[in-house]
Amino acid sequence: MTAKPLDDCSELLLRELAPQVLGAVIRRFRDFTAAEDAVQEALIAAAMQWPGEGLPDNPRAWLIQVACRRMFDYQRSELARRRRETDAALQFDQLAPQPGTENETDQDDTLILLFMCCHPALTSSSAIALTLRAVGGLTTAEIANAFLVPEATMAQRISRAKQSIKASGVPFRLPTDQDRAARLRAVLHVLYLIFNEGYTSSVGPELLRLDLSREAIRLTRAVQSLLPDDAEVAGLLALMLLTDARRAARTGPEGELIPLTKQDRTIWDQQEISEGVALLTATLPMGLVGAYQLQAAIAAIHDEASRAEDTDWPQILALYDLLKGMSDNPMVLLNHAIAAAMVHGPSAGLELLNALDADGRLTGHHRLDAVRAHLLELAGDHQAAIAHYSIAAGRTTSLPERNYLVTQAARLKESTPNQSPSDAR
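Just so it is clear, the structure is predicted and the values come from calculations on it, not from any experiment. Each chain has its residues counted from 1, running along the sequence as written. Per-residue local features are limited, in this predicted model, to residues with pLDDT of at least 70; the limit for side-chain atom pairs, both in listing and counting, is 80 or more; totals at the level of whole chains, interfaces and linings are taken over all residues. Note that the side-chain values use all heavy atoms of the structure and ignore hydrogens as well as water.

1. Regarding the overall build of the protein chain
Turning to step 1, where the next piece is worked out: Secondary structure assignment for the protein chain yields 20 helices and 2 strands.
Turning to step 2, where the next piece is worked out: Taking all 425 residues of the protein chain together, the buried fraction comes to 49%.
Turning to step 3, where the next piece is worked out: Whether two residues are in contact is decided by their heavy atoms, any of which lying within 4.5 Å being enough. Long-range pairs, those at least 24 residues apart, make up 65% of the contacts in the protein chain with a sequence separation of at least 6. Secondary structure follows DSSP: runs of H or I at least 4 residues long count as helices, runs of E at least 2 residues long count as strands, and numbering of each begins at the N terminus. Remark: exposure states derive from per-residue accessible area (1.4 Å probe, protein chains only) relative to the maximum for the residue type, with buried under 20%, exposed over 50%, and partly exposed in between.

Written out as structure tokens, the structure is:
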């Protein structure tokens, strides 16, 4: 093996390769749980060996080879324990690569793995959790945080999902057209969640997880090439590109969060914006407009404004009105309240937030308090804004978001140290 110098991107490379390696091992051995353990061991081996020995010429092939060795060791152990030497010899003959077959290390099975994780034998929540774990690379703790459940509960849910797939006997291949249509909605939702977690990490010291957002875009491109005439697939890809285009401007030199209104728009990725707009333009005439297309259209309006004050908020509000009609997602309602505030004034937005309080699904979520704090600041009620910025800071598990919210509260305290709510009015 010719060693290459290991660079700072080795950890990112391992994250990007993990689902591809897992897919290859599952395709060969048909055992989800054991394959996942074997891939984890291969990743640990890489993390220990590559810094000293250098990066292999073909890192994916290296990982697949190591993981397959672990699987053979595991199968030998199991077969020996059951004292089935004859069956063992037969099984190894079947597992051995046949002459002329496709080189497994060159085949990317991530898309197959993605559709497999969204198997109809699983509930929607289990499919999403399993895909975030197997394809997205999120830890069980991160997934539990996203679902607002204890980590132990999520670990059991993921374990049951693996067992369900194993029991179903589903072949490791892309689904038929009929099966694909049944799973597509779940697949798109999972890709959307993976991208969102990469664009704004829900936990930890970094705002961005580039490995997740890149993988979500890569997989969505793969789905789009598989289904080029599906408007919602194209709409989701457009949404990701139009959102990811702002990535370089979202953080400062120390990794601090920079809000949309304060970003340097000259460093937004114009190539991604152009591609996203082109995709959106091509999908809109296809017929029925879906939720991802509407969200992409909103992202495009933000991207096409050269200054924050040039943003076409009335058009954004109109699109959120449409989106509300097809989605009961509380985050859509929260963003609708922001758009209403920008068009009709902060009081209108605050009134809509009161309805979300009654809804209850965002109770205790930091974003509700953060938006309320922002609108209260716009309304001039700085003391109440300070209180809600502080509450939001205490509820978020993202360090950059917490620091930003604490800074906002401190800024208002500095500018209006003796103000009372009655003074603001």
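2. Looking at a nonpolar patch on the surface
Turning to step 1, where the next piece is worked out: Side chains of Met-342, Val-343 and Leu-378 sit close together on the surface and give an oily, nonpolar patch of about 230 Å² of accessible area.
Turning to step 2, where the next piece is worked out: As for its placement among the helices and strands, Leu-378 is situated in helix H17 (residues 366–379).
Turning to step 3, where the next piece is worked out: Residue classification places Leu-378 among the partly exposed residues on the basis of a relative accessible area of 45%. Residues with no salt bridge and a relative accessible area higher than 30% make up the patches, which join like charges within 9 Å and nonpolar side chains (Val, Leu, Ile, Met, Phe, Trp, Tyr) within 5 Å. Areas reported here follow the Shrake-Rupley algorithm with a probe of radius 1.4 Å; residue values treat only the protein chains shown as occluding. Whenever a carboxyl oxygen of Asp or Glu lies within 4 Å of a side-chain nitrogen of Lys or Arg, that contact is scored as a salt bridge.

3. A look at the packing of aromatic side chains
To describe a pair of aromatic rings, one takes the distance between the centres and the angle between the planes.
Turning to step 1, where the next piece is worked out: Pairing of aromatic rings covers Phe, Tyr and Trp, the last counted by its six-membered ring, and requires centre-to-centre distances within 6.5 Å; plane angles under 30 degrees mean stacked, over 60 mean edge-to-face, and any other angle means tilted. Per the counting criterion, the structure on display carries 3 aromatic pairs.
Turning to step 2, where the next piece is worked out: Centre to centre, the rings of Trp-50 and Trp-62 are 5.3 Å apart; their planes meet at 65 degrees, and the pair counts as edge-to-face. Highlighted residues: Trp-50 in helix H2 (residues 32–53) and Trp-62 in helix H3 (residues 59–81), separated in sequence by 12 residues.
Turning to step 3, where the next piece is worked out: Here Trp-50 falls in the buried class, since its relative accessible area comes to 2%.

4. Examining the environment of Ala-18
Turning to step 1, where the next piece is worked out: Inspection of the secondary structure assignment puts Ala-18 in helix H1 (residues 10–29).
Turning to step 2, where the next piece is worked out: Spatially, the C-alpha atoms of Ala-18 and Val-39 are 7.2 Å apart, while their sequence positions differ by 21 residues.

5. Thoughts on the pattern of salt bridges
Turning to step 1, where the next piece is worked out: Enumeration over the complete set of coordinates arrives at 15 salt bridges.
Turning to step 2, where the next piece is worked out: The partner of Glu-401 in a salt bridge is Arg-367, and the shortest N-O contact between them spans 3.1 Å. Residue Glu-401 is found in helix H19 (residues 399–415), and its partner Arg-367 is found in helix H17; the two are separated by 34 residues along the sequence.
Turning to step 3, where the next piece is worked out: Classification of Glu-401 by relative accessible area gives buried; the value is 7%.
Turning to step 4, where the next piece is worked out: Overall, Arg-367 belongs to the partly exposed group, its relative accessible area being 30%.
Turning to step 5, where the next piece is worked out: Through salt bridges that share partners, Arg-307, Glu-309 and Asp-310 make up one connected network.

6. Considerations on the nonpolar core
Turning to step 1, where the next piece is worked out: Among the nonpolar cores identified, the biggest contains 100 residues, and Val-25, Phe-32, Leu-63 and Val-223 are the most heavily contacted of them.
Turning to step 2, where the next piece is worked out: For this core, the element with the most residues is H2, which contributes 10 residues.
Turning to step 3, where the next piece is worked out: In this structure, Val-25 is in contact with Arg-30, Ala-35, Val-39, Ala-67, Cys-68 and Met-71, ignoring residues within four places of it in sequence.
Turning to step 4, where the next piece is worked out: Among buried residues, those of type Ala, Val, Leu, Ile, Met, Phe, Trp, Tyr and Cys that are joined through side-chain atoms within 4.5 Å constitute a nonpolar core. Leu-350, Leu-356, Leu-362 and Tyr-389 belong to the second largest nonpolar core, which has 21 residues in total.

7. What to know about the side chain of Thr-311
Turning to step 1, where the next piece is worked out: In this fold, Thr-311 is placed in the loop between helix H13 (291–304) and helix H14 (313–326).
Turning to step 2, where the next piece is worked out: When neighbours within four sequence positions are excluded, Thr-311 is seen to be in contact with Arg-265, Ile-301, His-302, Ala-305 and Ile-316.

8. Notes on the environment of His-366
Turning to step 1, where the next piece is worked out: Considering the arrangement of structural elements, one finds His-366 in helix H17.
Turning to step 2, where the next piece is worked out: Linking His-366 and Ser-390, residues 24 residues apart in sequence, is a C-alpha distance of 9.8 Å.
Turning to step 3, where the next piece is worked out: Leave out the neighbours within four places in its chain, and His-366 touches Ala-392, Arg-395, Thr-396 and Glu-401.

9. What to know about the environment of Ser-159
Turning to step 1, where the next piece is worked out: Looking at where Ser-159 falls in the secondary structure, it is placed in helix H8 (residues 151–168).
Turning to step 2, where the next piece is worked out: Along the chain, Ser-159 and Phe-32 lie 127 residues apart, while their C-alpha atoms are 9.9 Å from each other.

10. Some points on the packing of H17 against H19
Turning to step 1, where the next piece is worked out: Running from N to C, H17 and H19 cross one another at 25 degrees; their axes reach a closest spacing of 12 Å. In terms of their interaxial angle, H17 and H19 are classed as roughly parallel. Crossing geometry of H17 relative to H19 is assigned as left-handed. Contact with H17, carried on its side by His-366, Arg-367, Ala-370 and Glu-377, involves Glu-401, Leu-405, Gln-408, Arg-411 and Leu-412 of H19 and no other residues of that element.
Turning to step 2, where the next piece is worked out: In this classification, Asp, Glu, Lys and Arg are treated as charged, Ala, Val, Leu, Ile, Met, Phe, Trp, Tyr, Cys and Pro as nonpolar, and every other residue, Gly included, as polar. Partitioned by chemical class, the residues of the contact of H17 with H19 number 3 nonpolar, 2 polar and 4 charged. Here, axes are lines fitted to C-alpha atoms. For helices the fit covers the stretch in contact, and angles between N-to-C directions go from 0 to 180 degrees. Should an angle fall under 35 degrees it is taken as roughly parallel, and over 145 as roughly antiparallel, whereas 65 to 115 is taken as roughly perpendicular and any remaining angle as oblique. For any helix crossing, the convention is left-handed if the near helix is rotated counterclockwise from the far helix by under a right angle, and right-handed if that rotation is clockwise.

11. Looking at helix H12 (residues 270–283)
Turning to step 1, where the next piece is worked out: Expected helix span is taken as 1.5 Å per residue step, with the number of steps being one fewer than the number of residues. Compared with the 20 Å implied by 1.5 Å per residue over 14 residues, the 20 Å span of H12 between its first and last C-alpha is a close match.
Turning to step 2, where the next piece is worked out: Inspection of H12 places Glu-272, Ile-273, Gly-276, Leu-279, Leu-280 and Thr-283 among the buried residues, and these make up the whole buried set. For H12, the buried positions fall inside an angular range of 130 degrees around the axis, keeping them on one side. Exposed side chains of H12 directed beyond 90 degrees from the buried face belong to Gln-271 and Thr-281.
Turning to step 3, where the next piece is worked out: Packing partners of the buried residues in H12 comprise helix H10 (210–226), helix H11 (231–244) and H13.
Turning to step 4, where the next piece is worked out: Its side-chain oxygen placed 3.0 Å from the backbone nitrogen of Gln-271, Asp-269 serves as the N-cap of H12. Relevant arc is that of directions from the helix axis to the C-beta atoms, nothing else. Polar contact criterion, stated in full: a pair of N or O atoms within 3.5 Å, where within protein one must be able to donate a hydrogen and the other to accept it, and residues adjacent in sequence count only if both atoms are side-chain atoms.

12. Section: the packing of H10 against H11
Turning to step 1, where the next piece is worked out: As a packed pair, H10 and H11 sit with axes 9 Å apart at the nearest point and diverge in direction by 150 degrees. It follows from the interaxial angle that H10 and H11 lie roughly antiparallel. Regarding H10 and H11, the two cross each other, and that crossing is left-handed. For the pair H10 and H11, contact is made by Ser-213, Ala-216, Ile-217, Thr-220, Arg-221, Val-223 and Gln-224 and by Val-233, Ala-234, Leu-236, Leu-237, Met-240, Leu-241 and Asp-244, respectively.
Turning to step 2, where the next piece is worked out: A class-by-class count of the residues in the contact of H10 with H11 yields 9 nonpolar, 3 polar and 2 charged.

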